[in-house]
Amino acid sequence: MRDFAIVKSIEGQRIEVVSLVSDACVRCNSIDCAKQGKSFHVINKRNLPLSENTIIRIGFPRILNGFLGLISLLIPIFASVFGYFFSSSILSYFELAHTQSLRACVVGMFFVASSLIIFIISRTDIHLTHPEVLQIM
């Protein structure tokens, strides 16, 4: 993740920053073409010397990103297993024949539905923790 922000205010441990949004190339290190986005709070766990109007790079801890990636992978798999074991009940409820192809369709629907839920949640601003200050630019 390569997100840049400008420090707007520092009140003890609460650091308010404004994100820099750029439509330029991801590999571009120039932040002159960026515009300001919305403000939010970050954590300075590394105790970097920050001051107002400083440009910083922010992100989430790697272990948290890895854990969330693993969860995003395992939830659709568990949903598919759940769909496999309960497909007979679901097919009986809708009075459908218990064929292997319909059972596979139920498993596929559980997989697609759980993957869609993970995708929607990942596109929201819901986070378990605040981003960290990674580097002063």
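Scroll up for the structure.
Residues numbered from 1 in each chain as written. Predicted model: local features only at pLDDT ≥ 70, side-chain atom pairs only at ≥ 80, totals over all residues. Heavy atoms only, no water.

Points about the pattern of salt bridges
Two side chains with opposite charge may pair up if their charged atoms get near one another. Within the structure shown, the criterion is met by one salt bridge. Between Lys 45 and Glu 132 there is a salt bridge, with its nearest N and O atoms 3.6 Å apart. In this pair, Lys 45 is assigned in the loop between strand 3 (35-42) and strand 4 (55-59) and Glu 132 in strand 5 (residues 132-136), connecting sequence segments 87 residues apart. (Salt bridge = Lys/Arg side-chain N within 4 Å of Asp/Glu carboxyl O. Helix = DSSP H or I, 4+ residues; strand = E, 2+ residues; numbered from the N terminus.)

A word on the packing of aromatic side chains
Ring pairs (aromatic) are described by centroid distance and by the angle formed between their planes. The final tally for this structure, using the stated rule, is four aromatic pairs. Taken together, a centroid distance of 5.5 Å and an interplanar angle of 75° make the contact between Tyr 84 and Phe 85 edge-to-face. Among the aromatic residues, those joined into a cluster by ring pairs are Phe 82, Phe 86 and Phe 110. Here the guanidinium or amino end of Arg 103 rests over the ring plane of Tyr 84, the centre of that ring lying 4.4 Å away. (Phe/Tyr/Trp six-rings, centres within 6.5 Å; stacked < 30°, edge-to-face > 60°. Lys NZ or Arg CZ within 6 Å of the ring centre and 35° of its normal.)

A short note on helix 2 (residues 100-122)
Between its first and last C-alpha, helix 2 extends 33 Å over 23 residues, near the 33 Å set by a 1.5 Å rise per residue. Of the positions making up helix 2, those classed as buried are Val 106, Ser 114 and Ile 118. Buried residues along helix 2 sit against helix 1 (62-93). (Expected span 1.5 Å × (residues − 1). Buried < 20%, exposed > 50% of the residue type's maximum accessible area, 1.4 Å probe, protein only. Contact = heavy atoms within 4.5 Å.)

Topic: helix 1
Counting along an α-helix, one turn takes 3.6 residues, and residues three or four places apart therefore face a common direction. Under the 1.5 Å per step criterion, the end-to-end length of helix 1 is 44 Å for 32 residues, consistent within 8% with the ideal 46 Å. Where helix 1 bends most, at Phe 86, the angle is about 55°. Inspection of helix 1 places Leu 64, Pro 76, Ala 79, Ser 80, Gly 83, Ser 87 and Leu 91 among the buried residues, and these make up the whole buried set. Buried residues in helix 1 make contact with helix 2. Trailing helix 1 by a residue or two, Glu 95 shows a phi angle of about 55°, which is positive. (Bend = angle between axes of the 7 residues up to and from the residue.)

Here we look at the environment of Asn 53
Secondary-structure assignment places Asn 53 in the loop between strand 3 and strand 4. By relative accessible area, which is 55% here, Asn 53 ends up exposed. When the C-alpha positions of Asn 53 and Val 18 are compared, they lie 9.7 Å apart, and in sequence the two are 35 residues distant. Excluding residues within four positions of it along the chain, Asn 53 makes contact with Ile 6, Val 7 and Lys 8.

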